[in-house]
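If you want the building blocks of each chain, they are given just below.
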Amino acid sequence: MLLSGPADQVALVFEAPVTRAELRRMIAAKQSVLAAAGLGPGGSVALCLAPSLAFVTNLLAAWRLGARAALLDHRLTAYEVDNALQRLAPQVVVSAKHVTGGPLRGFVEIEERVATYPGRPADTAHALIQLSSGSTGPSKVIARTAANLVEEIERYVKIGAGVPQGGERIVSLASMVHVLGLVGGLLYGLHAGAQLVVPARMTADGILSTVAAGPEPTTLLGVPFHIELLSSVQTPPKLPQLTGMTTGGELVRAEVYGGFVDRYGIRLGNMYGMTEVGVIATDLFGEHRPSLTPAPGLTVREEAGELLVSLPASPYLGLVDPARWADGWLHTKDAGSVDEATGRVRIHGRRDSQVSVGGLKVDLTEVEHTLAALPGVASAVVTFDKAIEAYVMLRDGATAAQIQDRLAERLAGFKRPRVLKVVDQLPRTATGKLVRDRTALLAAAPASAPPVTTQVAIPGQRAGHDVTDGATDPVAPAPVKEGNHSR
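Predicted model, so just to flag it, every value in this text is computed and none were measured.

Caption draft 1: Here's a closer look at the packing of helix α4 (residues 146-159) against helix α5 (residues 179-192). Between α4 and α5, the shortest axis-to-axis distance is 10 Å and the interhelical angle comes to 75 degrees. Looking at the two axes, α4 sits roughly perpendicular to α5. Facing L149, E152, I153, Y156 and V157 of α4, the residues of α5 in contact are V179, L180, V183, G184, L187, Y188 and H191. In terms of residue class, the contact of α4 with α5 is built from nine nonpolar, two polar and one charged.

Caption draft 2: Layout of empty space enclosed by the protein. As enumerated under the stated definition, the model contains two cavities of 30 Å³ or more in all. Taken as a whole, the largest cavity spans an internal volume of roughly 90 Å³. As for the largest cavity, its lining consists of Y156, G162, V163, P164, I170, G184, Y188, T219, L221, T246, M271 and L284. Those elements giving two or more residues to the lining of the largest cavity turn out to be α5 and β11 (218-222). By residue class, the composition of the lining of the largest cavity is eight nonpolar, four polar and no charged. When its volume is computed, the second largest cavity comes out at roughly 50 Å³. Contributing to the lining of the second largest cavity are S44, V45, R68, A70, L88, P90 and I129. Looking at the lining of the second largest cavity, the elements with two or more residues in it are β3 (44-48) and β4 (68-71).

Caption draft 3: Representation of the pattern of salt bridges within the structure. The final tally for this structure, using the stated rule, is twelve salt bridges. Here R324 and E276 are joined by a salt bridge, their closest N and O atoms 3.7 Å apart. You can see R324 sitting in the loop between β17 (306-310) and β18 (325-326) and its partner E276 sitting in the loop between β13 (267-274) and β14 (278-283), a full 48 residues away along the chain. As far as burial versus exposure is concerned, R324 and E276 are alike and both buried. The residue R438 makes a salt bridge to E389 at a minimum N-O spacing of 2.8 Å. Pair noted here: R438 is in helix α11 (residues 438-444) and E389 is in strand β24 (residues 388-394), with a separation of 49 residues, a long-range link. On the basis of relative accessibility, which here comes to 7%, the residue E389 falls in the buried class.

Caption draft 4: How the structure looks around the packing of aromatic side chains. A full pass over the atoms with the stated rule returns three aromatic pairs. Measuring from ring centre to ring centre gives 5.5 Å for F14 and F107, while their planes differ by 85 degrees; the resulting arrangement is edge-to-face. Here F14, found in the loop between β1 (10-13) and β2 (17-19), pairs with F107, found in the loop between β5 (92-100) and β6 (109-116); they are 93 residues apart in sequence, far enough to count as distant. Both residues of the pair, F14 and F107, count as buried. If you follow R267 out to its NZ or CZ, it ends over the ring of F285, 5.3 Å from the centre. The aromatic ring of W329 is capped on one face by R301, whose charged end is 4.3 Å from the ring centroid.

Caption draft 5: Broad picture of the sheet that holds β4. Strand order in the open sheet formed by six strands is β6-β5-β3-β4-β7-β8, with mixed pairing between adjacent strands. A strand with exactly one partner marks an edge of an open sheet, and here the two such strands are β6 and β8 (141-144). Between one strand axis and the next, the sheet turns by 25 degrees as a mean value, whatever way the strands run. One ladder, built from eight bridges, connects β5 with β6; its direction is antiparallel.

Caption draft 6: Representation of unusual backbone geometry. Following R289, the chain continues to P290 via a peptide bond in cis, the omega torsion being 10 degrees. Within the secondary structure, P290 is located in the loop between β14 and β15 (291-294). A positive phi angle is found at A89, which is not glycine, with a value near 50 degrees. Inspection of the secondary structure puts A89 in the loop between α3 (78-88) and β5. Overall, A89 belongs to the buried group, its relative accessible area being 8%. With a phi close to 55 degrees, A304 is a non-glycine residue in the positive phi region. As for its placement among the helices and strands, A304 is situated in the loop between β16 (300-303) and β17. A304 gets classed as exposed once you look at its relative accessible area, which sits at 63%.

Parameters and conventions
- Residues numbered from 1 in each chain as written.
- Predicted model: local features only at pLDDT ≥ 70, side-chain atom pairs only at ≥ 80, totals over all residues.
- Heavy atoms only, no water.
- Axes fitted to C-alpha atoms, helices over the stretch in contact; angles between N-to-C directions.
- Helix = DSSP H or I, 4+ residues; strand = E, 2+ residues; numbered from the N terminus.
- Parallel < 35°, antiparallel > 145°, perpendicular 65-115°, else oblique.
- Contact = heavy atoms within 4.5 Å.
- Nonpolar A, V, L, I, M, F, W, Y, C, P; charged D, E, K, R; others polar.
- 1 Å grid on protein atoms, 1.4 Å probe; cavity = no way out; pocket = protein on both sides within 12 Å on 5 of 7 lines; lining within 4 Å.
- Points joined across faces, edges and corners; volume = space filled by probe spheres on them.
- Salt bridge = Lys/Arg side-chain N within 4 Å of Asp/Glu carboxyl O.
- Buried < 20%, exposed > 50% of the residue type's maximum accessible area, 1.4 Å probe, protein only.
- Phe/Tyr/Trp six-rings, centres within 6.5 Å; stacked < 30°, edge-to-face > 60°.
- Lys NZ or Arg CZ within 6 Å of the ring centre and 35° of its normal.
- Pairing = 2+ DSSP bridges.

Below, the structure written as structure tokens:
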């Protein structure tokens, strides 16, 4: 499925091009090392490696041995890695003994360490274990079979237009540890005969230089963070080989989308997916924005305002929760709708991003997008804990008071954040998604900078009373938490 093809065809480009013949030789060598450590059919291995040729070859070697591979993000702390290993109990662990490369590198050179671990063989037929991004709390253990991965690769093939073809290039900015970079970049690229290229430096200049380094039609694969990074380039170089960009992860705000398309003059496609399933729906040419078309072979339906995706078996290990999967349907926890006439899907945000303020419904996604679009705001996250709270990164010259004043012009009082905290840097997950876990956000807010608070007016409420302080009002009830704003 992945390694066949002409011996001299370039499959990967890291520091230098790697042909399919060279890749097959490297994988065979890794197989011998892993086998010597006791890994074999039905075995289990954990890979804790940064994006690198070592990551690719060890993963494919483990699969060729018939083993199950668990992917641990290299940015996890030693404490987090130890906890993950205790949960997953692999027989072999592959980690970095020596790494060459800095923090802005798109890939590194690794000398690996292969060690045995007091774990156990795989107790299921799954080929891949991934941990959810953890943007709102503890990660879930997500498992996928080889057949499930093949089905996803074939969905990309069937989507056709807008998906890189054989002889083209994928410049991947998405981490290979996570589903977009792993399947949409690495596995699909190997199968389709498209070169997978990883920039040496994950800076705007580094990415654009990588695109310019080859003449083949090139697609960028990344997340909204990368769109914002590339949009910071005021006058991009002419890149006739750059045909488009496909983004996954969070919703791209309209003004960011428009600014990128205007600046680069290429298509900007959107992809909706989950670690549990992979790609679910796409709009690769921006023709139906903000709606997307379900990927071939998947059925998406709406139930009580939530999107459900057809999936024959539960993707979770150690979790039996009918609220997550039941009767062949995966609950996405995303609020959305399905157009009965076209079948297209529209995502409205996280289902648990809707809260009640004084008995009135507020969608935190709407508040967050409105806040992030204000002049002076570089990025923003909105959460709810008894009241709506905002964490913002400001551009030079902007103040929190100015932002509150501008927000008052765009949002009704009951929708506006009661507390606004300025941070130097918003925490992100390994996939580039903004973290909405309140504990992590509070840790990012400097203690020396007091939050800006504001009183909000709730329709039907006595003037001057601030319901966000948790007091009870006989007319307008105190806010009730309905869920966390997550993803």
